[in-house]
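Architecture at a glance
One letter stands for each residue in the lines below.
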Amino acid sequence: MSFDGFPPFISAQLHYLINHFHEKIKVEQVSSGGKTYAGGLDRFTLHIPYCLDYVKWDIIYNAEFPFASPDIIFGPEDEDFHPLHMTGSVGEGGSKFRNILSDWNHKDPTRLLALIQELRDQYMAYQKKRVGEVDDDRLTFEISTICSREGIEMQISSGAEKPKEVKFAVPLMDMNINKMVHGFPWRHPQKIYLQVIYPVGKKYSSTPSPPRLKLMSTAELGALFSIEDVKLPSWLDGMCMAEYLPHLEESLQKQVVESVSLIDVRRRFIESLTPLFGRPLEADPVFCGKATFLASSGSFVFLVHFLISTQFPKQRPAVMLQSSQHISPQGIPKKSPLLSEYPWSPRWEASQMAERIFDFLVDESLNFKRFCNESQPQH
Amino acid sequence: MRMSSSRPKEGNRGKMKMEGVEGDASAGGAVRYTLNPTRISSEDILFCVDVDAESLLEMKTAGVTRLDSIKQAILVFVNSKLSINPDHRFAFATLSKSASWLRKEFSSDVESTIAAVRALSATTVSSSQADLTNLFRLAAHEAKKSRAQNRILRVILIYCRSSIRPHHQWSVNQKLFTLDVMYLHDKPGPDNCPQAVYDALVDALEHVSEYEGYIHESGHGLPRTLFRFMSMLLCHPQQRCPQDDCDIPKPLVKKAAEPANGEDNVHASISR
């Protein structure tokens, strides 16, 4: 990402922030506060990940007065967030924040990161305090049982039309998913979170309704298994999070272990294709989700792409053919649609699966060749 | 005509298959394939196209020069490679007496590939030599940058001259990138020496290539042969077998009726 148009001191701090913050921060709504654009761009909005969502803070530098620390405007919901005035144990953070501002050095590229990290910590503490003050016995009880878990973030949300809700982002499973997959697949640790949303302020004499639950994960985990496919254990009457979470984690653990073992099932399938299709041009060695082969039908040479989902072998692979000889003037090669209308049983041996697909493609490749030749002659 | 290497080589690379035989299904000395759980890197592929006047010689298809076919083949290659993995990137250089940049930035954008390919044009005068040293220098320099981004660098040299043997000076310990070669030439005759040129290319490949490099040659001027060989160069260097064990493309035919060669069979109808 380039930050053209910013004066160098702002650009340096922004770059450092983006590159060193532990999660992905977005920068939007860039503008200049000056009457003329002589100083350059000096205002922007940061979208900072918090509680499986984003908080949006406006950062206001003054390009004409670089020595001053930037002003920060928080969201409209957070009128009561005053990091400079936090007291109590949280107040230590408040004084740390005051020091960052008073010691501001515009030439130090690390300052903006320090400021944002400290503010985010303060924000977390502020939200925790607000949630703690909510007048709801059940919520208070729930909080007391799970607060000891590391890494929980919480947030009160309310709007004009919406009822007050408390949202929790609970990181699950201590297990290091990254280490479970051979081949060091991911640069960043993959994590799974449970989002728990409680309505606030309703007093029930009978058993309270379950909170809204949603599993979320870091994006790249999808190569291993799809978080949407995980069936959440049911929330039984009278349950609390302290009971539900270990239950969920046990089930997730099993799911992850099973997904890891399915990688090798896909691996064996790709290997079983090679006696018939030859060595692949390229195959995904870590998740075994795709493989491309080179095949021929007469003098017609084409690619065969296999796409193998995490639901394999329940779900059969999708196959696509791509000509190596027919391209449009823009250079786009002729491709077949995704093919999956071939005989299939998840219970077959991998070699039999391969044979059935091979037989199907012998016929299908003739259709494809005809289709390619009809639109334009072969080179 | 049979190209065979006059040098003893580790593999049998010198012994090229007879031209015209397509789809050799034998798996010479093939070991059962295993897909090892080792991560592979995305590629930075540097095309170096010989733009000597000999690239303007016509292919068997009238009105189509070697350079025309090469341009098409590069477009197909880039599209194919990106459909396998959209993270691969490409840059372009040309070779006349020595190599020079055509498009230096590696990019996975197809539009910019089309623009670079369009900009390929041949020199009017034939160069008296082909020095690959600068190409290897450029490649080695880029390879360091690629490696810093967890990528690997590959050079695909497309060479067109039938009598000019390329030469190079390179330290034998520097194997920083993979080198593949596609060699288009005239039929051998008293006035040329494609065999010697081929040997020099094999020499260069074995000298500098980090992973197993592949070399293909064709003298009969059919564009589809060029396309076929270029498709075989789609192989990811970190997942290759020795060239002599290559058994692709496999013909998709019903097992009982495998033809002797890969050409379309024209069956005479049998009247009953």
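In this report, the structure presented in the accompanying data block is examined.

Reading guide: rules and limits
Every chain begins its residue count from 1, and numbering advances along the sequence as written. Throughout, the order in which chains and ligands are written sets their labels, letters from A for the former and numbers from 1 for the latter. Restriction of local features to residues with pLDDT of at least 70 applies here, the model being predicted, together with a cutoff of 80 or more for giving and counting side-chain atom pairs; totals for whole chains, interfaces and linings are based on all residues. Side-chain numbers come from the whole structure's heavy atoms, not from hydrogens or water. Secondary structure is summarised from DSSP: a helix means a run of H or I of at least four residues, a strand means a run of E of at least two, and numbering begins at the N terminus for each. Our radius of gyration looks at C-alpha atoms and nothing else; its globule reference is 2.2 Å times the residue count to the power 0.38. Two residues qualify as a contact provided that any one of their heavy atoms is within 4.5 Å of a heavy atom in the partner residue. Using a 1.4 Å probe, the Shrake-Rupley method yields the accessible areas, and only the shown protein chains count as cover for residues. Here the positive residues are Lys and Arg and the negative ones are Asp and Glu; neither His nor the chain ends is included. Where a charge sits is defined by one atom per residue type, namely NZ (Lys), CZ (Arg), CG (Asp) or CD (Glu). Each residue gets one of three labels from its accessible area relative to the maximum for its type: buried under 20%, exposed over 50%, partly exposed in between, using a 1.4 Å probe on protein chains only. The pairing test for Phe, Tyr and Trp rings, Trp by its six-membered ring, is centres within 6.5 Å, and the orientation test on the planes gives stacked under 30 degrees, edge-to-face over 60, and tilted for anything in between. Two strands qualify as a pair provided DSSP detects at least 2 bridges between them. Axis definition: a line fitted to C-alpha atoms, over the contacting stretch in the case of helices. Angles run 0 to 180 degrees between N-to-C directions. When a carboxyl oxygen of Asp or Glu lies within 4 Å of a side-chain nitrogen of Lys or Arg, that pair is called a salt bridge. What gets called buried area is simply the loss in accessible area from a 1.4 Å probe that two parts show on being joined, summed for both. Whenever a nitrogen or oxygen atom comes within 3.5 Å of another N or O atom, the pair is scored as a polar contact, on the condition that within protein one atom can donate a hydrogen and the other can accept it, and that pairs from neighbouring residues in sequence are kept only if both atoms are in side chains. Residue classes follow a fixed rule: Ala, Val, Leu, Ile, Met, Phe, Trp, Tyr, Cys and Pro count as nonpolar, while Asp, Glu, Lys and Arg count as charged, and any other residue, Gly among them, counts as polar. To form a nonpolar core, buried Ala, Val, Leu, Ile, Met, Phe, Trp, Tyr and Cys residues must be joined to one another through side-chain atoms within 4.5 Å.

**Points about the overall build of chain A**
Of regular secondary structure, chain A possesses seven helices and 13 strands. For 379 residues, the compact-globule estimate of 2.2 N^0.38 gives 21 Å, and chain A exceeds it by more than 25% at 28 Å. Considered along the principal axes of its C-alpha atoms, chain A spans approximately 80 × 65 × 40 Å. Long-range pairs, those at least 24 residues apart, make up 55% of the contacts in chain A with a sequence separation of at least 6. As displayed, chain A offers around 19,000 Å² of accessible surface, 52% of which is attributable to carbon and sulfur atoms. The averaged location of the 46 negative side-chain charges in chain A is 3 Å from the averaged location of its 40 positive side-chain charges.

**Quick look at helix 5 (residues 223-232) of chain B**
The buried fraction of helix 5 of chain B amounts to nine of the 10 residues, a majority that puts the element mostly inside the structure. When we look at burial in helix 5 of chain B, the residues that qualify are Pro-223, Thr-225, Leu-226, Phe-227, Arg-228, Phe-229, Met-230, Ser-231 and Met-232 of chain B.

**A few points about the packing of aromatic side chains**
As enumerated under the stated definition, the model contains 33 aromatic pairs over all chains in all. Here Phe-47 of chain B and Phe-77 of chain B contribute two aromatic rings whose centre-to-centre distance is 5.4 Å and whose plane-to-plane angle is 85°, an arrangement assigned as edge-to-face. Taken as a pair, Phe-47 of chain B in strand 1 (residues 42-50) and Phe-77 of chain B in helix 1 (residues 66-84) lie far apart in primary sequence, 30 residues in all. With relative accessibility at 0%, the residue Phe-47 of chain B sits in the buried group. Taking relative accessible area as the criterion, Phe-77 of chain B reaches 2% and is therefore assigned buried. Both rings, one in Phe-136 of chain B and one in Phe-177 of chain B, keep their centres 5.9 Å apart while their planes meet at 45°; by these two values the pair is tilted. Here Phe-136 of chain B, found in helix 3 (residues 133-148), pairs with Phe-177 of chain B, found in the loop between strand 4 (151-159) and strand 5 (178-184); they are 41 residues apart in sequence, far enough to count as distant. There is no split in this pair, since Phe-136 of chain B and Phe-177 of chain B are both buried. Feature note: the residues Phe-269, Phe-277, Phe-293, Phe-306, Phe-312, Tyr-342, Trp-344, Phe-358 and Phe-360 of chain A constitute an aromatic cluster, connected by ring pairs.

**Some points on the sheet that holds strand 5 (residues 153-157) of chain A**
All names here are of chain A. Taken in spatial order, the four strands of this open sheet run 5-6-7-8, and their pairing is antiparallel. Looking at strand neighbours, the two that pair on one side only are strand 5 and strand 8 (212-217), the edges of this open sheet. Direction aside, the axes of adjacent strands within the sheet are offset by 20° on average. Summarising the sheet, strand 5 and strand 6 (residues 165-172) pair through five bridges and their orientation is antiparallel. By the bridge assignment, Ile-156 is partnered in strand 6 with Val-166. Set on the sheet, helix 3 (residues 111-132) makes contact with strand 5 and strand 6; between it and strand 5 the angle comes to about 60°. Against the sheet, helix 4 (residues 137-146) makes contact with strand 6 and strand 7 (192-199), and its axis sits at roughly 20° relative to strand 6, the strand it touches most.

**Concerning the pattern of salt bridges**
Tallied over the full model, the rule gives 25 salt bridges over all chains. Between Lys-167 of chain A and Asp-53 of chain A there is a salt bridge whose closest N-O contact spans 3.5 Å. Taken together, the positions of Lys-167 of chain A in strand 6 and Asp-53 of chain A in strand 3 (residues 53-60) put the pair 114 residues apart, joining distant regions of the chain. Where Arg-89 of chain B meets Asp-44 of chain B, a salt bridge forms, and the shortest distance between an N and an O atom there is 2.9 Å. Here Asp-44 of chain B lies in strand 1 and Arg-89 of chain B lies in strand 2 (residues 89-95), a separation of 45 residues in the sequence. Taken individually, Arg-89 of chain B and Asp-44 of chain B each receive the classification buried, so the pair is uniform in this respect. Put simply, Glu-282 of chain A together with Glu-43, Lys-81, Arg-154, Asp-180 and Arg-240 of chain B are held in one network by salt bridges that share partners.

**Comments concerning the sheet that holds strand 4 (residues 71-73) of chain A**
Residue and element names in this part refer to chain A. Reading across the sheet, the four strands line up as 1-2-3-4 and stay open at both edges, with antiparallel pairing between neighbours. Looking at strand neighbours, the two that pair on one side only are strand 1 (26-31) and strand 4, the edges of this open sheet. Here the strands of the sheet are splayed against their neighbours by 25° on average, with no regard to which way each runs. In the sheet, strand 2 (residues 43-50) pairs with strand 3 via eight bridges, with the strands oriented antiparallel. For Ile-48, the partnering residue across the bridge sits in strand 3 and is Val-55.

**Some remarks on the pairing of strand 4 of chain B**
All names here are of chain B. Where burial is concerned, most of strand 4 is hidden: nine out of the nine residues are buried. Of the two faces of strand 4, the one carrying Arg-151, Leu-153, Val-155, Leu-157 and Tyr-159 and the one carrying Ile-152, Arg-154, Ile-156 and Ile-158 are both buried. Across six bridges, strand 4 lies against strand 5 in parallel orientation. Bridge pairing in strand 5 links Ile-156 to Asp-180.

**A closer look at the interface of chain B and chain A**
Facing 46 residues of chain B, the contacting portion of chain A comprises 51 residues. Considering only the side of chain B, the residues that lose the most area to chain A are Tyr-33, Leu-35 and Leu-252 of chain B, jointly responsible for 20% of the buried surface there. Taken together, the links from chain B to chain A amount to three salt bridges. Taken together, the connections running from chain B to chain A amount to 14 residue pairs in polar contact (both at pLDDT 80 or more). Of all the elements in the fold, those that place two or more residues in the side of chain B that touches chain A are helix 1, helix 5 and strand 7 (250-251) of chain B. Looking at which element gives the most residues to the side of chain B that touches chain A, the answer is helix 1 of chain B, with eight residues. A class-by-class count of the residues in the side of chain B that touches chain A yields 19 nonpolar, 14 polar and 13 charged.

**Details of the nonpolar core**
Counting residues in hydrophobic clusters, the biggest one holds 74 residues, and the most contacted among them are Phe-168, Leu-172, Ile-192, Leu-224, Phe-277, Phe-306 and Leu-361 of chain A. At 13 residues, the largest contribution of residues to this core is made by helix 6 (residues 241-277) of chain A. Every residue in contact with Phe-277 of chain A, bar those within four places of it in the chain, is listed here: Phe-293, Leu-294, Phe-306, Ala-354, Ile-357, Phe-358 and Leu-361 of chain A together with Ile-248, Lys-250 and Leu-252 of chain B. Of all hydrophobic cores here, the second largest spans 42 residues; its members include Leu-281 of chain A together with Ala-73, Leu-82 and Ile-84 of chain B.

**Overview of the environment of Cys-246 of chain B**
All names here are of chain B. Among the structural elements, Cys-246 can be located in the loop between helix 5 and strand 7. For Cys-246, a relative accessible area of 14% puts it in the buried group. Along the primary structure Cys-246 and Ala-140 are separated by 106 residues, whereas in three dimensions their C-alpha atoms are 27 Å apart.

**Details of the environment of Met-124 of chain A**
Residues and elements named next belong to chain A. Tracing the backbone shows Met-124 in helix 3. Put simply, Met-124 and Arg-212 are 88 residues apart on the chain and 21 Å apart in space, counted from C-alpha to C-alpha. Beyond its immediate stretch of four places on either side in the chain, Met-124 contacts Tyr-50, Ile-152 and Glu-153.

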